[in-house]
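# A look at the structure
Given next are the chains, with one letter for each unit.
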Amino acid sequence: MKEIINLITEKFEEAFKQCDYEERFAKVTVSNRPDLCEYQCNGAMAAAKQYKKAPIMIATDIVEKLKDDTMFESVNAVNPGFINIILSKDFVASYVDEMSKDDNFGYEKKGDKTIVIDYGGPNVAKPLHVGHLRSAVIGESLKRILRYAGNKVTGDVHLGDWGLQMGLIITELKERNPELVYFDDSYTGEYPEEAPFTISELEEIYPCASGKSKEDPEYKDRAHQATLKLQKGYKPYVELWKHILNVSVEDLKKNYDRLDVSFDLWKGESDADEYVPELLDVLKKKNLLHESQGAMVVDVAEETDTKEIPPCIIQKSDGAALYATSDLATLIQRRRDFNPDEVIYIADKRQEMHFTQVFRVAKKADVVADKTELVFNGFGTMNGKDGKPFKTRDGGVMRLEHLISDIVNAVYNKIMENRSMEEHEAKNIAQIVGLSALKYGDLSNQAAKDYVFDLDRFVSFEGNTGPYILYTIVRIKSIIAKYMSESADKSALSEDIIPAGSDSEKELMLKLAGYQSVINNAVEELAPHKICAYIYDVSNVFNKFYHDTRILSESVEQKKKSYIALINLTMKILEQCIGLLGFGAPERM
Ligand code: ARG
């Protein structure tokens, strides 16, 4: 279906043309004065300059053409030249009715791109912490949104599995278990299949090693050497590294599962390694690489820069792989595997400089195809109520696992507070609702902004929260279930939606009619928060309608069926939207 706003715009374009004004002035927007009208056109103001006429005269000309059109209940010209639009109830109802009869609510997929999304970005052997939460939550939602729009999307977790942390772990393991075969130079046998550590041991080893390396330069140097040895392919370390990777990935998958976040690809920085020679080749051939203070760098500053963009370091004197190098090499791999139209990176906005450098080198050296757009979608910090980066009560880094349990427990207590429910069921529901609280709490903010993690607010069943949206969905489900159990005629869900009988019913229809515009907008701007704002609005107008309307006791059968079809559409749209955000709704709560 066409977007409702485009249908209105077309009418206005026609009217502008008929009055001999250019149709480009016929821009229609959603009203910013909902107390006065539903849509508005301010084009007469802009046209006034060109035609040297008072805007109100132009507005009046347009209104004259449109006032009898059945699309409108009223079209009014008001000083100094605004046109206020109120749609006819018939038109709105028939639009929404058509939506309700389409599997996709009239939404037309426009996406035809091949896209790689790089999100999650956890570092192997370091516990997943809240810093990685945002990347996972935002990336998962964008993946779903872009896919829903029809694009071919591949999500890649891009593990940090090739840096110094690997050398640190190897060094610490050697300290603790020097007898392991991996540390015996003369060993020639097969390497064990079993990892010499568990995930909990691994998670204790890394911070310990990292702490030591900060205090002891000699230890740090050993870790550095171990990293280099690994990167050069020293077999015993590669074998050990594989164990670290496997144990870690298994644990990561468990955590991401709990978040309902998934990846099509589990590649990491290490996979880029084989493309580094090719990268260096290209950079050399294009004469982009030069030496600077012992390192090989590419200049990326541009004349129009307003702040300094330092050269991108590609290789240090010891040959160790660098963050930028591995991102560039990964682009070679992605080009070969997907030839993407777009690569989108979801990472902390403090990494913006890194990505600016990487993107510039990639474009300069034709590491990516001309058509390939490189997009950095940087997100802000999740802060505590004190406005500082979120920490545990004792000031440590909060593990994601614990954060999730905290939120689920808070929801569980809420559920048990005022209801009697089996513990088992309450626990299940708390998982679902808890996830909505966490994800909605994050996604409802514009990604680039910092936000405050406020557990009490996030789990509230009222206000702009995930649980409130779910509560609305569950409320609709229960009305429909009740209708179904009372009524002999089960066809209401697909019955016609007839013109609204009240203001709140029309308001609900208008909101639903805007679905397609909202999705298109979220796709264009990579903005899940637009979907959050939309479903919050839909929930509010639904609840107002519910408050004003006796749905099940309506005596006029046709009206009652129309109500049911309307709230069923409301529910389906809400469910579709939360699916795009990355969570679902329970049957009851
Ligand atoms: N592992 C990185 C970190 O923890 C994030 C990776 C982001 N993606 C990328 N292609 N650089 O900071």
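Whatever comes next refers back to the structure up there.
We now turn to the structure provided with this report. (Residues numbered from 1 in each chain as written. Predicted model: local features only at pLDDT ≥ 70, side-chain atom pairs only at ≥ 80, totals over all residues. Heavy atoms only, no water.)

### Details of unusual backbone geometry
With omega at 0°, the peptide bond leading from asparagine 79 into proline 80 counts as cis. Tracing the sequence through the fold places proline 80 in the loop between β3 (72-78) and β4 (82-87). Not every positive phi belongs to a glycine, and phenylalanine 105 is a case in point at roughly 50°. Secondary-structure assignment places phenylalanine 105 in the loop between α4 (89-100) and β5 (114-118). We classify phenylalanine 105 as buried; its relative accessible area is 6%. Look at asparagine 339: it is not a glycine, yet its phi comes out positive at around 45°. (Helix = DSSP H or I, 4+ residues; strand = E, 2+ residues; numbered from the N terminus. Buried < 20%, exposed > 50% of the residue type's maximum accessible area, 1.4 Å probe, protein only.)

### Here we look at the packing of helix α20 (residues 528-548) against helix α21 (residues 557-581)
As a packed pair, α20 and α21 sit with axes 10 Å apart at the nearest point and diverge in direction by 155°. Between α20 and α21, the angle is such that the two are roughly antiparallel. α20 and α21 meet at a crossing whose hand is left-handed. For the pair formed by α20 and α21, the contact residues are Pro528, Ile531, Cys532, Tyr534, Ile535, Val538, Ser539, Phe542 and Phe545 on the first element and Tyr563, Leu566, Ile567, Thr570, Ile573, Leu574, Cys577, Ile578, Leu580 and Leu581 on the second. Classifying every residue of the contact of α20 with α21 gives 17 nonpolar, two polar and no charged. (Axes fitted to C-alpha atoms, helices over the stretch in contact; angles between N-to-C directions. Parallel < 35°, antiparallel > 145°, perpendicular 65-115°, else oblique. Left-handed = near helix turned anticlockwise from the far one by under 90°. Contact = heavy atoms within 4.5 Å. Nonpolar A, V, L, I, M, F, W, Y, C, P; charged D, E, K, R; others polar.)

### Examining the site of the ligand
With respect to spatial proximity, the complete set of residues near the ligand consists of Asp118, Gly121, Asn123, His132, His158, Tyr323, Asp327, Tyr345, Gln351 and Phe355. A distance of 2.9 Å separates an oxygen atom of the ligand from a polar atom in the side chain of glutamine 351. Within the complex, the protein chains bury 87% of what would otherwise be the 350 Å² of accessible surface of the ligand. Considering only residue class, the shell around the ligand consists of three nonpolar, five polar and two charged. (Near = heavy atom within 4 Å. Polar contact = N/O pair within 3.5 Å; in protein donor to acceptor, adjacent residues only side chain to side chain. Areas by Shrake-Rupley, 256 points an atom, 1.4 Å probe, with all protein chains shown as cover.)

### Describing the state of the cysteines
One pass over the full model with this rule turns up zero disulfides. Left without a disulfide partner, cysteine 37 is nearest to the cysteine sulfur of cysteine 41, which lies 11 Å away. Overall, the relative accessible area of 4% leaves cysteine 37 in the buried class. (Disulfide = S-S within 2.5 Å.)

### Comments concerning the pattern of salt bridges
Considering all chains together, one arrives at 46 salt bridges under this definition. Note that lysine 286 and aspartate 366 form a salt bridge whose closest N and O atoms lie 2.8 Å from each other. Here aspartate 366 lies in the loop between α13 (352-364) and β11 (373-379) and lysine 286 lies in the loop between α11 (276-285) and β7 (289-292), a separation of 80 residues in the sequence. Exposure remark for lysine 286: the relative accessible area of 38% places this residue in the partly exposed category. We note a salt bridge from lysine 544 to glutamate 507, for which the minimum N-O separation is 2.8 Å. Of this pair, lysine 544 sits in helix α20 while glutamate 507 sits in helix α18 (residues 503-513), and the two are 37 residues apart along the sequence. Residue classification places glutamate 507 among the partly exposed residues on the basis of a relative accessible area of 32%. By sharing partners, the salt bridges in this structure join Glu172, Glu175, Arg176, Glu204, Lys212, Glu218 and Arg222 into a single network. (Salt bridge = Lys/Arg side-chain N within 4 Å of Asp/Glu carboxyl O.)

### Regarding the packing of aromatic side chains
Evaluated as defined, the whole model comprises 29 aromatic pairs. For the pair phenylalanine 183 and tyrosine 237, a centre-to-centre distance of 6.3 Å together with 70° between the ring planes defines the contact as edge-to-face. Linking phenylalanine 183 in the loop between α6 (164-176) and α7 (199-215) with tyrosine 237 in helix α9 (residues 235-258), this pair joins segments that are 54 residues apart in sequence. Owing to a relative accessible area of 13%, phenylalanine 183 belongs among the buried residues under this scheme. Judged by its relative accessible area of 6%, tyrosine 237 falls in the buried class. Look at tyrosine 451 and phenylalanine 458: their rings are 6.3 Å apart centre to centre, the planes differ by 25°, and that puts the pair in the stacked class. The two residues tyrosine 451 and phenylalanine 458 agree in class, both being buried. In textbook terms, an aromatic cluster arises when at least three aromatic residues are bridged by ring pairs, as seen for Phe105, Tyr107, Tyr148, Tyr515 and Tyr534. A cation over a ring is seen here: lysine 229 above tyrosine 234, with NZ or CZ 4.4 Å from the ring centre. (Phe/Tyr/Trp six-rings, centres within 6.5 Å; stacked < 30°, edge-to-face > 60°. Lys NZ or Arg CZ within 6 Å of the ring centre and 35° of its normal.)

### Some points on the pairing of β11
In terms of burial, β11 is a largely internal element, five of the seven residues being buried. In this fold, strand β10 (residues 342-348) hands off to α13, which returns the chain to β11; that crossover is right-handed. (Right-handed = clockwise from strand over helix to strand, strands pointing away.)

### Re helix α14 (residues 400-417)
Between the first and last C-alpha of α14 there are 26 Å, a value that for 18 residues agrees with the 26 Å anticipated at 1.5 Å per step. Within α14, the full set of buried residues consists of Leu400, Leu403, Ile404, Ile407, Val408, Ala410, Val411, Tyr412 and Ile415. Along its buried surface, α14 packs onto α5 (130-148), α9, β12 (382-383), α15 (423-443) and α16 (455-458). (Expected span 1.5 Å × (residues − 1).)

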